[in-house]
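Here's the letter readout for the chains.
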Amino acid sequence: MRTSRLRSVHPVLWAGWAALAAGAVLCVVGWYGISGERHAERQLPYLASCTVPGAALIVAGAVLLGHGRGASAAARVEELYGLLVAAGPDEEPESAGRAAVAPLAVSGELRMVPGGTLWHRADCPLVAGKAEAVPVDSKLLASGELGPCPICEPADETD
């Protein structure tokens, strides 16, 4: 299922490649013309008629290619979103009759990473097994400089 926007991106990409090719050809022709002339006043027509427009076409081609690829990526994202929305929710949610999901961490020991802004339970996946994680200083906890981790949601124990 391709969207019309995705199909309309191809002309932009083709135009970008065509502009790049035409700009390169004009730059080569301008360079060849300038290299054959000894005096600056005879080089100026080649510069004005070939090299400058060639450079402008190269820039325009690069802009068109960038826009075309960005539009292509956006169209793909929209297509995937449409597929997700069309799929809809599961017919039978598994958690309908069950209790709330168990927390990720249950340890009572609180840890922090030096220089961090959150405190965690010792078995929180963000600090578990990390050597740099140290026990929380009660002064930092009482001062409110550290906030609770949104992953393990430790209980507020300000002793």
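Up top is the structure.
By convention here, each chain's residues receive numbers from 1 onward along its written sequence. Local features in a predicted model are, by the rule used here, given only for residues with pLDDT of at least 70; side-chain atom pairs are given and counted only at 80 or more, and totals for whole chains, interfaces and linings are based on all residues. Water and hydrogen atoms were dropped before computing side-chain values, which therefore reflect all heavy atoms in the structure.

Peer 1: What am I meant to see in the overall build of the protein chain here?
Peer 2: The helix and strand inventory of the protein chain stands at four helices and four strands. A run of H or I in DSSP counts as a helix once it spans at least four residues, and a run of E counts as a strand once it spans at least two, with each numbered from the N terminus. In the protein chain, the order of α-helices and β-strands from amino to carboxyl end is α-α-α-β-β-β-α-β. Whether a residue is buried, partly exposed or exposed follows from its accessible area with a 1.4 Å probe, protein chains only, as a fraction of its type maximum: under 20%, in between, or over 50%, in that order. Among the 159 residues that make up the protein chain, the fraction classed as buried is 21%. Of the contacts formed within the protein chain by residues at least 6 apart in sequence, a portion of 60% connects residues at least 24 apart. Accessible area for the protein chain stands at about 11200 Å²; split by element, carbon and sulfur atoms hold 63% of it. In what follows, a contact means two residues having at least one pair of non-hydrogen atoms within 4.5 Å. For the accessible areas, the method is Shrake-Rupley and the probe is 1.4 Å, while residue cover comes only from the protein chains on display.

Peer 1: Just to check I follow, could you spell out the sheet that holds strand β4 (residues 147-148) for this structure?
Peer 2: Strand pairing in a sheet takes place through backbone hydrogen bonds and is either antiparallel or parallel in direction. Strand order across the open sheet formed by four strands is β3-β1-β2-β4, with mixed pairing between neighbours. The two strands at the open ends of the sheet, each matched to only one other strand, are β3 (134-135) and β4. Bridge count for strand β1 (residues 110-112) against strand β2 (residues 118-121) is three bridges, and the pairing is antiparallel. Looking at the pairing, Arg111 lines up with His120 of β2. When DSSP locates at least two bridges between a pair of strands, those strands are taken to pair.

Peer 1: I would appreciate a short explanation of the environment of Trp17 in the present structure.
Peer 2: Within the secondary structure, Trp17 is located in helix α2 (residues 9-35). Overall, Trp17 belongs to the partly exposed group, its relative accessible area being 47%. For the pair Trp17 and Leu64, spaced 47 residues apart in sequence, the C-alpha separation works out to 8.3 Å. Excluding residues within four positions of it along the chain, Trp17 makes contact with Leu65 and Arg69.

Peer 1: Just to check I follow, could you spell out the pairing of β2 for this structure?
Peer 2: Put simply, side chains in a regular strand alternate between the two faces of the sheet. The loop that links β1 with its antiparallel partner β2 comprises five residues; one of these, Gly115, has a positive phi angle of about 90°. Note that β2 and β4 share two bridges and pair parallel. Bridge pairing links Leu118 to Gly147 in β4.

Peer 1: It is not clear to me how the state of the cysteines should be interpreted in this structure. Could you clarify?
Peer 2: Note: disulfide means a covalent bond formed between the sulfur atoms of two cysteine side chains. Disulfide: a pair of cysteine sulfur atoms within 2.5 Å of each other. Inspection of every chain in the model, using the stated rule, returns zero disulfides. Free of any disulfide, Cys50 has its nearest neighbouring cysteine sulfur in Cys27, separated by 8.9 Å. Given a relative accessible area of 11%, Cys50 falls into the buried group.

Peer 1: Is there a simple way to think about the nonpolar core in this case?
Peer 2: Generally speaking, soluble globular proteins have nonpolar side chains that are buried together. Definition of nonpolar core: a set of buried residues of the types Ala, Val, Leu, Ile, Met, Phe, Trp, Tyr and Cys, connected through side-chain atoms within 4.5 Å. Counting residues in each nonpolar core, the largest one holds six residues, listed as Leu110, Met112, Trp119, Val136, Leu141 and Leu146. Counting residues in hydrophobic clusters, the runner-up holds five residues, among them Cys124, Ala133, Cys149 and Cys152.

Peer 1: Please explain the environment of Leu13 as it appears in this structure.
Peer 2: With respect to the helices and strands, the residue Leu13 is situated in helix α2. Residues Leu13 and Ser72 lie 59 residues apart in sequence; the distance between their C-alpha atoms is 9.5 Å. Those residues within four positions of Leu13 in sequence are excluded, and the remaining contacts are Leu65, Gly68 and Arg69.

Peer 1: Looking at this structure, how should I read the environment of Ala56?
Peer 2: Looking at the secondary structure, you find Ala56 in helix α3 (residues 40-87). What makes Ala56 partly exposed here is its relative accessible area of 44%. Each C-alpha atom of the pair Ala56 and Gly23 lies 7.2 Å from the other, and the pair is 33 residues apart in sequence.

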